Structure formats: C-alpha cells, structure tokens
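# Observations on the three-dimensional arrangement
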Amino acid sequence: MNVAAGLVAGRFQLQEKLGAGAFGEAHVALDQTTERKVVLKLIHAQFADNDELVERFRREIRALERVVHPNVPGLVAQGVDGGRVYYAMEFAEGRDLFKILGEEPGPWPIKRCLVLFDDLLAALEAAHQAEVIHRDLKPANLILVREQGLERLKLIDFGIAKHLTGGAQTTLDITQGRAVGTPFYLSPEQASGEEVDARSDLFAAGSILYEMLAGVRPVNGSTVRAILTSILRDTPPPLRQARPEVPLALEAIVLKLLEKEPADRYPSAAAVREAIHGAVPEAFADISASAVTQLPGHVGAQTGSGEKDVYLNTVIAGKYELRRLLGEGGFGRVYQGWHLELDMA
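Since we're looking at a predicted model, the values are computed, not measured. (Residues numbered from 1 in each chain as written. Predicted model: local features only at pLDDT ≥ 70, side-chain atom pairs only at ≥ 80, totals over all residues. Heavy atoms only, no water.)

## Points about the packing of helix α3 (residues 110-129) against helix α5 (residues 198-214)
How we decide: Here an axis means a line fitted to C-alpha atoms, over the contact stretch when the element is a helix, while the angle between two N-to-C directions is reported on a 0 to 180 degree scale. Put simply, DSSP marks the helices as runs of H or I at least four residues long and the strands as runs of E at least two long, and each gets a number from the N terminus on. Throughout this description, any angle smaller than 35 degrees is read as roughly parallel, any larger than 145 degrees as roughly antiparallel, any in the 65 to 115 degree range as roughly perpendicular, and the remainder as oblique. Each crossing gets its hand from how the near helix is turned against the far one by less than a right angle, where anticlockwise is left-handed and clockwise is right-handed. Only heavy atoms enter the contact rule, under which two residues are in contact if any of them lie within 4.5 Å. Here the nonpolar group is Ala, Val, Leu, Ile, Met, Phe, Trp, Tyr, Cys and Pro; Asp, Glu, Lys and Arg are the charged ones; every other residue, Gly included, is treated as polar.
Interaxial distance between α3 and α5 falls to 10 Å at its minimum, and their mutual angle equals 165 degrees. Looking at the two axes, α3 sits roughly antiparallel to α5. The handedness of the crossing between α3 and α5 is right-handed. Contacts between α3 and α5 involve Ile110, Cys113, Leu114, Phe117, Leu120, Leu121, Leu124 and His128 on the former and, on the latter, Ala198, Asp201, Leu202, Ala205, Gly206, Leu209, Met212 and Leu213. Residue composition of the contact of α3 with α5, by class: 13 nonpolar, two polar and one charged.

## Details of the pairing of strand β9 (residues 142-147)
Applied cut-off: Following DSSP output, two strands are said to pair if at least two bridges run between them.
For strand β7 (residues 94-96) and β9, the ladder comprises three bridges, and the chain directions are antiparallel. The partner of Gly94 across the bridge, within β9, is Val145. The antiparallel pairing of β9 with strand β10 (residues 150-155) creates a hairpin that spans two residues between the two strands, and Gln148 there sits at a positive phi of about 55 degrees.

## Some remarks on helix α9 (residues 269-279)
Short version of the rule: Relative accessibility under 20% of the residue-type maximum defines a buried residue, over 50% an exposed one, and the middle range a partly exposed one, all with a 1.4 Å probe and only protein chains included. As used here, the arc belongs to the directions running from the helix axis to the C-beta atoms.
Listed as buried for α9 are Ala269, Ala270, Val272, Arg273, Ile276 and His277. One face of α9 carries all of its buried residues, which in axial projection span an arc of 160 degrees. For α9, the exposed residues set more than 90 degrees away from the buried face come down to Glu274 and Gly278.

## Remarks on the sheet that holds β9
Strand pairing in a sheet is mediated by backbone hydrogen bonds. Such pairs are either parallel or antiparallel. One open sheet holds the three strands; their spatial order is β7-β9-β10, and the pairing between them is antiparallel. Looking at which strands have only one partner, the edges of the open sheet turn out to be β7 and β10. Adjacent strand axes in the sheet meet at a mean angle of 30 degrees when their direction is disregarded. Across the sheet, α3 is in contact with β9 and β10; its angle to β10 comes to roughly 35 degrees.

## A look at the sheet that holds strand β4 (residues 36-43)
Read across the sheet, six strands follow the order β1-β2-β3-β4-β6-β5 without closing on themselves; strand pairing throughout is antiparallel. Strand pairing shows two members of the sheet lacking a second neighbour, β1 (7-8) and β5 (75-81), which therefore form its edges. Inspection of the sheet shows β5 paired to strand β6 (residues 84-90) by six bridges, in the antiparallel sense. Residue Ala77 lies in a different strand from β6, and its bridge partner there is Ala88. Against the sheet, helix α1 (residues 51-66) makes contact with β4, β5 and β6, and its axis sits at roughly 25 degrees relative to β6, the strand it touches most.

## Points about the confidence of the model for the chain
Under the convention used in this document: pLDDT is a per-residue confidence score from the predictor, ranging from 0 to 100.
Averaged over the chain, the pLDDT score is 84; the fraction of residues at 70 or greater is 77%. Considering only residues more than four positions removed or in separate chains, one finds that residues 166-181, a stretch of pLDDT under 50, has 37 contacts. Below pLDDT 50 for its whole length, residues 296-305 participates in 23 contacts with residues either more than four positions away or in separate chains.

## Quick word on α3
A turn of α-helix holds 3.6 residues, and therefore any two residues three or four places apart point the same way. Operational definition: Expected helix span is computed as 1.5 Å times (number of residues minus one).
Across its 20 residues, α3 extends 28 Å between first and last C-alpha, which sits within 8% of the 28 Å expected from 1.5 Å per residue. Extensive coverage of α3 is indicated by the burial of 17 of its 20 residues. In the stretch just after α3, Glu131 is the one whose phi turns positive, near 65 degrees.

Printed below as a string of structure tokens:
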C-alpha cells in the first residue's frame, strides 16, 4: 500500500482525508476502475496485527455486504493492501445532519422531518431484515443529499453494528468500560449495558425525530453520567409542549418510540412507517411514488405494475442470482443480487 503516493490497491486514488479515529482513517478517493468517487476506510498501520480491531473493522464490512438499500451507501470493494484491511463504499455527496442541525437547529417543518425520517426507517428496515443492528444512530451518521432535485437521507457508519445471528448482543464495551454508542441517542437498554435488538435502533431514531420536530433533544445533561441517568429515568416532555402544531397522532408515535421498555415500542421499522403514513398522509401526498422508498409489500415479488416478476431468482451471466427487486424506472430495474462465486451480495 502506497498511502504516501495516494494509491490504495492499485485502484483507489486518495483525494481528501475525511477524518481519522483511534483505529482507522477515512478518505474520499477516486475509483480508477469506474471513475467514480468512493469513501475509502482503512485501519491504521500500527493496528494491522491487532486481531480484535481487525475483526471490528471486518464486522463493518460484513454489515455493508448484508444491507443492500438505496438509503445505505453500498460496498464497492474490500481487501488487504500492505497488511492493512481496507474497504471502499459509495460516496454520499452531502452534509451530515449534525452539522445541519447546528446551523438550522429547528424546529423544522413537519413535512421535511417526516420525509427524511421515512428514508431513515426504510434504511433501518433493510438493515433489520438483514439481521443487522446499527447501534450508533446519531445525526452525524445521517447524510443529507440531493437526488433528482429532492432532499434525501443516507445512513452510514456500521462500525459498531451487530448481527442478530451472532448470539446475545450487549452494548457494554468491557475493554473500555463504557456503553457503545453516542450518549444522547442511546436506548435505555444500551445505557445500562443490556442486550439489544432492532427496537434499540428505533429508540435512537425516535430521539432524532423528536430533535428535528422540537428543536431540542428529548434528553439532556452536561456529563455522560447525567445523560445516561436522564435516558434511564426521565420522560421526555410532550412534543406539543414545544411545538403545539404537531398532530396528536404524530406526538403519540414519537413518544411510543421513546418508551423505556423495548416491549412498549413499535416492533419494527415497518410498523413505524405504516403508523406515520396513516397518521400524517398529507406529508407524503405530493411526493412521487418513485421518490418515496416503497413500503413493505411493494418490493420483491412483483413489478410496479403488479405483475409477477419473472426475473426473480434467475441467474445472470452464470454467477449473479437476482434475489430482490429494489425498484424500477422508465428504462430498467434494480435488483439485489447474490454473487454465487464470492457468496456475497
């Protein structure tokens, strides 16, 4: 690997360093094979032989392999170069929600909040169906982009994601002695180091929606301990106290997402989407069907015309099995495929 010369794997030309963490770094790079920008992440050289950190890095790669959705930048390539594990993913050219909220603290228009939140729920639905829990939902991991003239949301950073098939999933980082995730958006079960499932992500999503709608977070505190205590103990103020024009039905949905007990929340992202579309249909009324990620039941076995999709489960070029119809436009369709030789999506 010749990072000094700005070339990784003989393919990715580094253009701009996005940032560096304790264990790795991220760059905007040009994929010389496709002439497209990607985000390239690689582990720091000094940790190339650290099995624990390498496994954490590979866990993020496996999560991206499993979660195939328009609201999640997809995996482009992965490998090892010069002993350092790396991967490249699609580049979402936009700004993160944390920075935007800092400049536009809100409250935001209800319609804008719900359209963006619908994108987040669609991404979570895909992740949870792939048995991946994100575990670090926060505004900094949500990128707002422009697509076909519309503002859309992309979910990034599966660095601490967990696979449900991997057994009991707790959120206490024993080696560091702290809860995994970002304090303001942790679920109560994360804050106390208990097992988590998809409903933990829904709590974090509800916290983000509350913040966009109300202009303030549902919990606060000047120290990590104070924040965690508030998450575990305090009931968020009613949304309509800060924003009287919020519909009663929408307020009830947000507060249900923020219930302390997972069993009292919605069971899935799909259930939340259905509730919001039913409670505030006017938020989506003038948006074209192609601009709203389709609700459950509209993707998979049928085309947009309702006809049975004869291409599903067929093999293209002898190695790509078409597993799921993701969408269609005027000139073609997009499928989630499975590479039979590499055994990956």
